[in-house]
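# Chain and residue survey
The residues making up each chain are set out below.
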Amino acid sequence: MCHYLTNVFSSILEPAIIMSDVQNAMTLLIKAFDKYSGKEGDKYTLSKAELKELLQNEFGEVLGKANDKVALDRIFKDLDTNKDNSVDFREFVSLVSCLTQMCHEYFIRQK
Ligand SMILES: [Ca+2]
């Protein structure tokens, strides 16, 4: 199963392959995470400062005021489910998944 998934993901990341919209979204999500996680410390996880910058640049004020330290601390604590004082990709994707579901529900209600 893992070997199959590795092949699938390798093909997704191959630039010559034409990707579906969902594959494109997955690639962009990975690239966005890597852009911020690589700034300091462990390049595969987000520190609180990296998360703050990602939230400011990628989510605007969707999650509240960017400079609200209490809000940032709460988001960081909520995302850091394994309590290792960093946010890994799995933890980050849970935020994106939750926000995507909320947006979807919002758009359904608007119809
Ligand atoms: Ca963590």
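Residues numbered from 1 in each chain as written. Predicted model: local features only at pLDDT ≥ 70, side-chain atom pairs only at ≥ 80, totals over all residues. Heavy atoms only, no water.

Looking at an unreviewed UniProt entry, the chain carries the name Protein S100, with the source organism given as Echeneis naucrates.

We now examine the nonpolar core. Counting 16 residues, the largest nonpolar core has Leu 46, Leu 51, Leu 54, Leu 55, Phe 59, Val 87 and Phe 92 as the members making the most contacts within it. Only helix H2 (21-37), helix H3 (48-59), helix H4 (69-79) and helix H5 (89-110) provide two or more residues apiece to this core. (Core = buried A, V, L, I, M, F, W, Y, C linked by side-chain atoms within 4.5 Å. Buried < 20%, exposed > 50% of the residue type's maximum accessible area, 1.4 Å probe, protein only. Helix = DSSP H or I, 4+ residues; strand = E, 2+ residues; numbered from the N terminus.)

Inspection of the entire model under this criterion finds three salt bridges. The partner of Glu 53 in a salt bridge is Lys 39, and the shortest N-O contact between them spans 3.2 Å. Of this pair, Glu 53 sits in helix H3 while Lys 39 sits in the loop between H2 and strand E1 (45-46), and the two are 14 residues apart along the sequence. Its relative accessible area of 46% is what places Lys 39 among the partly exposed residues. Asp 73 is paired through a salt bridge with Lys 48; the nearest N and O atoms lie 2.9 Å apart. (Salt bridge = Lys/Arg side-chain N within 4 Å of Asp/Glu carboxyl O.)

To continue, consider the coordination of the calcium ion. Those donors, Asp 80 (OD), Asn 82 (OD1), Asp 84 (OD), Ser 86 (O), Glu 91 (OE) and Glu 91 (OE), are the protein atoms that reach the calcium ion, and they lie 2.3 to 2.6 Å from it. Viewed at the metal, the six donor atoms of the calcium ion are separated by angles of 52 to 156 degrees, and the geometry they form is irregular. Positions of the donor residues of the calcium ion along the chain correspond to the pattern D-x1-N-x1-D-x1-S-x4-E. Using a relative accessible area of 44% as the deciding quantity, one classes Asn 82 as partly exposed. (Donors = N, O, S within 2.8 Å, 3.2 Å for Na, K, Ca; no water. Tetrahedral: all angles 85-135°; square planar, octahedral: opposite > 155°, others 65-115°.)

What follows covers the packing of H3 against H5. Across the interface, H3 lies against H5 with an axial gap of 13 Å and an inter-helix angle of 30 degrees. The pairing of H3 with H5 is recorded here as roughly parallel in orientation. Remark: the crossing between H3 and H5 carries right-handed chirality. Each of Leu 54, Leu 55 and Phe 59 in H3 lies in contact with H5, whose residues at this interface are Phe 92, Leu 95, Val 96 and Leu 99. Residues that form the contact of H3 with H5 fall into these classes: seven nonpolar, no polar and no charged. (Axes fitted to C-alpha atoms, helices over the stretch in contact; angles between N-to-C directions. Parallel < 35°, antiparallel > 145°, perpendicular 65-115°, else oblique. Left-handed = near helix turned anticlockwise from the far one by under 90°. Contact = heavy atoms within 4.5 Å. Nonpolar A, V, L, I, M, F, W, Y, C, P; charged D, E, K, R; others polar.)

With that out of the way, let us pick up the packing of aromatic side chains. If you walk through the whole model with that rule in mind, you get four aromatic pairs. Seen from their ring centres, Phe 89 and Phe 92 are 6.3 Å apart, and the 45 degrees between their planes marks the pair as tilted. Residue Phe 89 and its partner Phe 92 are located together in helix H5, separated by three residues, close to a single helical turn. Given a relative accessible area of 29%, Phe 89 falls into the partly exposed group. Consider the rings of Tyr 106 and Phe 107, whose centres lie 5.7 Å apart with planes at 65 degrees: the pair is edge-to-face. Residue Tyr 106 is classed as partly exposed on the basis of its relative accessible area, which comes to 42%. (Phe/Tyr/Trp six-rings, centres within 6.5 Å; stacked < 30°, edge-to-face > 60°.)

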